[in-house]
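Listed below, chain by chain, are the residues.
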Amino acid sequence: MTDLDQLTQSLARNLKRWRGERGFTLDALAARAGVSRGMIIQIEQARTNPSVGTTVKLADALGISITTLLDYEQGPHVRLVPEEQAVRMWSTDKGSHTTLLVGAEARGPLELWSWTLMPGDASTSDPHPDGTTELLHVTAGELTLVVDGVNHQVPAGTSAVFESNVPHAYRNDGEEPVEMTMAVSVPPVR
């Protein structure tokens, strides 16, 4: 079984499990996530590999982290994630990529990410649920952080925090790669 097959099976199992735990029908989850009922059925039957955006929407609608949605076993109170088990979530032909390092469910999902964004590359995100906060720290290059249409320059050594319940994007308008670490805190489902 390939890593992709394992990821597809894990996502199918976890989506079904968390939808059941939340008491959501297919239609209810589809409405909450803005994802078609047919797509959710295909994911739960392990017949498709959804985009990162679709996976994020489903996790947000369920009030869990992407880590929880992709990981079947929740470990002990201390959980170490070796580098080879971090999940590459997004990449481009230019070499940009994001890696989900670790996540937790304490008082709502909490995720820690490592990002590399190559010159001229960008990643956009739909609004997350109200109360979602993102913190980031740029260690190399200069990030252009776009929050609700407003550009913010974040050079190496600078940190930023923002509420991500509005459209937002991460861009590298410079000539060297941007390296950053980001934490995302999502409020629990009410």
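Small disclaimer: the values here were computed from a predicted structure and weren't measured.

**Description of the environment of L143**
Phase 1 of the analysis: Within the secondary structure, L143 is located in strand 6 (residues 142-147).
Phase 2 of the analysis: Look at L143 and you get buried, because its relative accessible area is 0%.
Phase 3 of the analysis: For the pair formed by L143 and A30, sequence separation is 113 residues and the distance between their alpha carbons is 34 Å.
Phase 4 of the analysis: Sequence-distant contacts of L143, defined by excluding residues within four places in its chain, comprise L117, L136, V138, H152, Q153, V154, Y170, R171, V178 and M180.

**Here we look at the pattern of salt bridges**
Phase 1 of the analysis: One pass over the structure, following the stated rule, counts five salt bridges.
Phase 2 of the analysis: Salt-bridge contacts for R19 lead to E44; the nearest nitrogen and oxygen are separated by 2.6 Å. Taken together, the positions of R19 in helix 1 (residues 3-22) and E44 in helix 3 (residues 37-44) put the pair 25 residues apart, joining distant regions of the chain.

**Digging into the sheet that holds strand 6**
Phase 1 of the analysis: Taken together, the four strands give an open sheet; going across it, the order is 4-9-6-7, and neighbouring strands pair in antiparallel fashion. Each end of this open sheet is capped by a strand with a single partner; those strands are strand 4 (122-125) and strand 7 (150-155). Each strand of the sheet is rotated relative to its neighbour by a mean of 15°, with strand direction disregarded.
Phase 2 of the analysis: Relative to strand 7, strand 6 runs antiparallel, the two being bridged by six bridges. For L143, the partnering residue across the bridge sits in strand 7 and is V154.

**Quick word on the confidence of the model for the chain**
Phase 1 of the analysis: The pLDDT averaged across the chain works out to 86; a share of 90% of its residues lies at or above 70.
Phase 2 of the analysis: When mean pLDDT is taken per element in the chain, strand 9 (residues 168-171) scores highest with 96 and strand 2 (residues 97-104) scores lowest with 74.
Phase 3 of the analysis: Confidence drops under pLDDT 50 across residues 74-78; counting only partners more than four residues distant or on other chains, this segment forms two contacts.

**So, the packing of helix 1 against helix 3**
Two quantities define a packed helix pair, namely the angle between the axes and the distance from one axis to the other.
Phase 1 of the analysis: Close contact between helix 1 and helix 3 brings their axes to 7 Å; oriented N to C, the two are set at 120°. Of the possible angle classes, the one that applies to helix 1 and helix 3 is oblique. Across from L11, A12, L15, K16 and R19 in helix 1, the residues of helix 3 making contact are I40, I43 and E44.
Phase 2 of the analysis: The residue makeup of the contact of helix 1 with helix 3, split by class, is five nonpolar, no polar and three charged.

Reading the values: the criteria
Residues numbered from 1 in each chain as written. Predicted model: local features only at pLDDT ≥ 70, side-chain atom pairs only at ≥ 80, totals over all residues. Heavy atoms only, no water. Helix = DSSP H or I, 4+ residues; strand = E, 2+ residues; numbered from the N terminus. Buried < 20%, exposed > 50% of the residue type's maximum accessible area, 1.4 Å probe, protein only. Contact = heavy atoms within 4.5 Å. Salt bridge = Lys/Arg side-chain N within 4 Å of Asp/Glu carboxyl O. Pairing = 2+ DSSP bridges. Axes fitted to C-alpha atoms, helices over the stretch in contact; angles between N-to-C directions. pLDDT = per-residue confidence, 0-100. Parallel < 35°, antiparallel > 145°, perpendicular 65-115°, else oblique. Nonpolar A, V, L, I, M, F, W, Y, C, P; charged D, E, K, R; others polar.

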